[in-house]
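# Examining the three-dimensional arrangement
Each chain is listed here by its residues.
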Amino acid sequence: YSFFYDGKVDENNSFRSNITFSNYKEHYDNNSFINDILLRNEVGTNLKNKLKFYLEYDHIFNSKHNIQFGYGNSYEDVKNSFEIEKVKTEFTSSDFRHKFYTYYGYQVTKKLGIKLGSALETSNPNTSLGKMSYVIYLPYADVKYKVSDLLDLKFKYRSNSEYPSLSQTNPFESRIDNQSVRIGNPALKPEVTHRLSLESNILQGLVKIEPYYHFSNNYIADFGRMVNDSLMQFSYDNVGKYTNYGALVNFTIPFSKKIVWQN
């Protein structure tokens, strides 16, 4: 459920606001058999209620300068229940997050424009196992340069946060098969990924080439370990350094005003 309100005070001042409520429920029933004989029955329910709000304000100083301010918050309430052979356990957690951000745009010349900004996020998860607190800094940068009528360049630096999901933090042990189980990690920290790229638009966008490099120092990933000679336990952790690099290439071939082939 979402409600938004956008306002334009005058030609140089405008704002946007949004409030959203979501409700999520998942029920699972997991059975393990050996030679058609029921070995283990797992029944569980994951519940999550979330309320989000943000307010943004834009101000245009003149044709060269503009600025944006924003504030957002979210409240998340999670309840997991897990039952094995009529023995039921529960895990609860809640998190109240704040986000403050600002972006400044400056058109230096007709060919050169920049946009700089940053965001500050706070997260305060409170679980059955204790309270935690995190502060996340997210810088942002855009540098656009028009080389000619046939070539535009844009250097992009983005950073974004990713919070652990329900399944990743659920601490109950679920059987995958007779030799392996999976257990969540409620102590997972939010993940921050930095993304660098150089976007080249050739022939007014008919060809676009964008080499990129992404990295993180607290990436959330799967890992497994042997807990005894016959059982493998899978879980999640902030594993440290993560890198991802490559290039996005897009080109468009127009055959006529109505038919276009995009690759």
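Thresholds, definitions, all that
- Residues numbered from 1 in each chain as written.
- Predicted model: local features only at pLDDT ≥ 70, side-chain atom pairs only at ≥ 80, totals over all residues.
- Heavy atoms only, no water.
- Helix = DSSP H or I, 4+ residues; strand = E, 2+ residues; numbered from the N terminus.
- Buried < 20%, exposed > 50% of the residue type's maximum accessible area, 1.4 Å probe, protein only.
- Contact = heavy atoms within 4.5 Å.
- 1 Å grid on protein atoms, 1.4 Å probe; cavity = no way out; pocket = protein on both sides within 12 Å on 5 of 7 lines; lining within 4 Å.
- Points joined across faces, edges and corners; volume = space filled by probe spheres on them.
- Nonpolar A, V, L, I, M, F, W, Y, C, P; charged D, E, K, R; others polar.

Turning to unusual backbone geometry, a few remarks are in order. The phi dihedral of Leu203 is positive, around 55°, even though this residue is not glycine. In this fold, Leu203 is placed in the loop between β12 (191-202) and β13 (207-216). Relative accessible area serves as the criterion here: at 41%, Leu203 is assigned to the partly exposed category.

Moving on to the environment of Leu51. Here Leu51 lies in strand β3 (residues 37-60). Separated by 28 residues in sequence, Leu51 and Asn23 have C-alpha atoms that sit 9.1 Å apart. Ignoring sequence-local partners within four residues, the contact set of Leu51 consists of Ile19, Thr20, Phe21, Asn73, Ser74 and Tyr75.

Let us now look at the layout of surface pockets. Taken as a whole, the largest pocket encloses approximately 730 Å³ of empty space. For the lining of the largest pocket, the elements supplying multiple residues, two or more each, are β2 (13-34), β3, β4 (65-84), β5 (87-107), β6 (112-127) and α1 (166-169). A per-element tally of the lining of the largest pocket places β5 first, with 8 residues. Considered class by class, the residues forming the lining of the largest pocket number 14 nonpolar, 15 polar and 9 charged.

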